[in-house]
Amino acid sequence: MNGGSFLRRAACVSFSFTTKCRRKPFPCSSQSSATMSSTSMSASRRRPMLWRPMEFFSASDEPISQRYAVVLVNQSLPSCYHQQIRKLWAKAALRFCADGGANESFQLNLTPLPDLISGDLDSIRVDVKKYYEKAGVPLIQTPDQDYTDLIKCLDLLLYETQKKQQVIQCVVVIGAIGGRFDHTMAAIDTLFWWKSHSAMQLYLWNGQSLVFLLDKGCHAIAVDSFCSEKKQCGLLPIGAPCEHVTTTGLKWNLRNQRLRFGELISSSNQCLEEVVTIETDSPLVWTMELT
């Protein structure tokens, strides 16, 4: 039984109890629907991919125009970010918790309730688990240790969006970076896994920093007022060197230059314009300081 058949079977049963998965959950959807086709990938290289991350982190109460999902992981953020977490959570179209992320949801009394909680469930507190089970929140146990709880949760998110035919433009993961270094690198690895499974934009946010992966091609990042605040940003060639990178809108722009660890990376850079453009011949991690 493959992961897809498990997830489809699990979706048909009552979730008043914890559903347990003993098999690998991949792939949960067909390659044609979850992965960008060669035609769409070719088209994306011809025109810039637009990123609008600052809309999620604006201090205003204006509606967020992008339809997005949020995933809460098992990482406590300082109280100064709690209001922002509540805002992101409340305005999301889908709300998932990855294992111990349910503890954070419970602790912050986030509303509405999570749409789903998944993972090997070794981090969720007993009282929290009972609370959400009683409230009717689906809990899906995915004990496969070959994948992180975050990846398994995102895989379920992909399935849910397809099953409900929901249009989601991007996903914001709360936490995931910071804390233990191996956890941060696992989250970065998730960015690479995600790009081969979905065309949705994926953001990793921990309050202080925002991280996302720029695939091969052209990108336009709307940083808005971020450019006037002298905050730091960076371009990191994690995974493989980028032989040709060209940027505009940065204090230290790159002009068809090679980025490679041990040679040159772009760190502690700054945005000078409201839109930063980046063209790269290989996947490149973009990071920006928010606070």
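Up top is the structure.
In this report, we go over the structure that sits alongside the text.

Per the secondary structure count, the chain includes eight helices and 16 strands. Within the chain, the proportion of its 291 residues that are buried is 51%. Considering only intrachain contacts with a sequence separation of at least 6, the fraction spanning at least 24 residues in the chain is 68%. As displayed, the chain has an accessible area near 13600 Å², and 51% of this comes from carbon and sulfur atoms.

Let us now look at the environment of P114. Looking at the secondary structure, you find P114 in the loop between α5 (101–107) and β5 (116–119). Separated by 19 residues in the primary sequence, P114 and R95 have C-alpha atoms spaced 5.2 Å apart.

Here we come to the packing of helix α7 (residues 149–163) against helix α8 (residues 181–195). When two helices pack together, their arrangement is captured by the angle between the axes and the distance separating the axes. Axis separation between α7 and α8 bottoms out at 10 Å; the angle between their running directions is 30°. In terms of orientation, α7 lies roughly parallel with respect to α8. Pair α7 / α8 crosses with right-handed handedness. Only D189, T190, W193 and W194 of α8 make contact with α7, whose side of the interface consists of L150, I151, L154, D155 and L158. A class-by-class count of the residues in the contact of α7 with α8 yields six nonpolar, one polar and two charged.

Before going further, it helps to examine the pairing of strand β8 (residues 201–205). With respect to burial, β8 is a largely interior element, five of its five residues being buried. The side-chain alternation of β8 yields two buried faces, one formed by Q201, Y203 and W205 and the other by L202 and L204. Where strand β7 (residues 170–174) and β8 come together, five bridges link them in parallel fashion. Counterpart to V172 in the pairing with β8 is Y203.

Here we take up the pattern of salt bridges. Going through the model one piece at a time under the given rule, you end up with nine salt bridges. A salt bridge links D149 to K152, with the shortest nitrogen-to-oxygen separation between them at 3.6 Å. Of this pair, D149 and K152 both sit in helix α7, three residues apart, roughly one helical turn. For the pair D149 and K152, one class covers both residues: buried. Where D182 meets R180, a salt bridge forms, and the shortest distance between an N and an O atom there is 2.5 Å. A single salt-bridge network, built from bridges that share partners, covers E243, R258, R260 and E263.

Cut-off values and rules
Residues numbered from 1 in each chain as written. Predicted model: local features only at pLDDT ≥ 70, side-chain atom pairs only at ≥ 80, totals over all residues. Heavy atoms only, no water. Helix = DSSP H or I, 4+ residues; strand = E, 2+ residues; numbered from the N terminus. Buried < 20%, exposed > 50% of the residue type's maximum accessible area, 1.4 Å probe, protein only. Contact = heavy atoms within 4.5 Å. Areas by Shrake-Rupley, 256 points an atom, 1.4 Å probe, with all protein chains shown as cover. Axes fitted to C-alpha atoms, helices over the stretch in contact; angles between N-to-C directions. Parallel < 35°, antiparallel > 145°, perpendicular 65-115°, else oblique. Left-handed = near helix turned anticlockwise from the far one by under 90°. Nonpolar A, V, L, I, M, F, W, Y, C, P; charged D, E, K, R; others polar. Pairing = 2+ DSSP bridges. Salt bridge = Lys/Arg side-chain N within 4 Å of Asp/Glu carboxyl O.

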